[in-house]
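# A look at the structure
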Amino acid sequence: MTKRMIAAVAALGLLALTGPASAQNPIIIKFSHVVAADTPKGKAADKFKELAEKYTNGKVKVEVYPNSTLYKDKEELEALQLGAVQMLAPSNSKFGPLGIKEFEVFDLPFVIPNLAALRKVTEGPLGKRMLELMDSKGLTGLAYWDNGFKEMSANKPLHGPADYQGLKFRIQSSRVLQAQFRQLGAIPQVMAFSEVYQALQTGVVDGQENTWSNIYTQKMHEVQKYISETNHGYIGYVVVTNKQFWDGLPADIRGQLEKAMAEATTYGNTISAKENEDAKADIIKAKTSQIIVPTKAEMAELQKAMQPVYDEMASRVGKDLIDEVVKTVNAGTN
Ligand code: LMR
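Right, let's walk through the structure included here. (Residues numbered from 1 in each chain as written. Predicted model: local features only at pLDDT ≥ 70, side-chain atom pairs only at ≥ 80, totals over all residues. Heavy atoms only, no water.)

## What to know about the overall build of the protein
From N to C terminus, the protein includes 14 helices and 10 strands. A globule of 334 residues ought to have a C-alpha radius of gyration of about 20 Å, and the protein, at 20 Å, matches this closely. Overall size of the protein, expressed as C-alpha extent along the three principal axes, is 65 × 40 × 35 Å. The burial tally for the protein puts 53% of its 334 residues in the buried class. Across the protein, contacts joining residues at least 24 apart in sequence account for 76% of those joining residues at least 6 apart. (Helix = DSSP H or I, 4+ residues; strand = E, 2+ residues; numbered from the N terminus. Rg over C-alpha atoms; globule rule 2.2 N^0.38 Å. Buried < 20%, exposed > 50% of the residue type's maximum accessible area, 1.4 Å probe, protein only. Contact = heavy atoms within 4.5 Å.)

If you want it as structure tokens, here you go:
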């Protein structure tokens, strides 16, 4: 969709907002996302729809568009800024092109050891401060939603860092991820999520990194012979809305939507780990790809090879922020 078309759709959306909301004339929230409905994000979005419509007695109608049916990665953020959609949940890795680089801190290799450590950031003062960074771009950050930890896939077995040499990997639009693959001697290529399956199938790229849930629901395991269980990085989302839209809502409705969002967040973040475990089990059952568990020594080598990314990306992401995240996730563990 061109920018002009997005603007025209946005104008229609604003027209629909005039007049008081009622069940007959509801406020429409278009919630666009790029993954399947049967994923942690897809299920949390559907839960938000259910609760938002219930708590507002139908004065708000939420239309969820999964699987990039409305917009692909880059377009959806433009559409949100223009008001053509009202809600998204892009991954932390996708805000850089908007000029919000700080969320790439979550892409640093091995920075998040587990979900409990992640919550220390997202549910604490640092997470709140980071959400406020969205304001300067006309967005309001509402919540952090999980997916889970990433695995590496390719058509050759990936054990230690040497195995990545020269391979083309699809990445999300994050400089940190670009640096990570460059450190391995691989060739990173930014690509929209909706195009990954075909790119793997046709050999445009050799491999990719993603969660079990995303690999399974996009059928990537059918076109990748090997998946290495590296858990080297985390994919999570920031639920964002258009600030002008959000601030313009009647206060009672905004309050009901905040309640629906808080509950949908708890729901999604409670099921995320199990969703990924189930997807892993389904991939094992499908027998289309072999799962490799790198040895401790191979994992240590991988981590060592990726470590320079921290220094290399300090000027982009912010050295203080990196230090604060590292300190926060490790608080109480030493
Ligand atoms: C990806 O592009 O690989 C993921 O960010 C997709 C998603 O939304 O989980």
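Alright, that's what it looks like, and here's the rest.
## Description of the site of the ligand
Around the ligand, the neighbouring residues are Val34, Val35, Lys41, Ser91, Lys94, Asn147, Arg170, Gln172, Phe193, Asn210, Asn214 and Tyr237. Within the contact set of the ligand, an oxygen atom lies 2.7 Å away from a side-chain nitrogen or oxygen of Lys41. Here an oxygen atom of the ligand and a side-chain polar atom of Lys94 are 2.6 Å apart. Coverage of the ligand by the protein amounts to 100% of the 270 Å² it exposes when considered alone. Its residues assigned to classes, the shell around the ligand shows four nonpolar, five polar and three charged. (Near = heavy atom within 4 Å. Polar contact = N/O pair within 3.5 Å; in protein donor to acceptor, adjacent residues only side chain to side chain. Areas by Shrake-Rupley, 256 points an atom, 1.4 Å probe, with all protein chains shown as cover. Nonpolar A, V, L, I, M, F, W, Y, C, P; charged D, E, K, R; others polar.)

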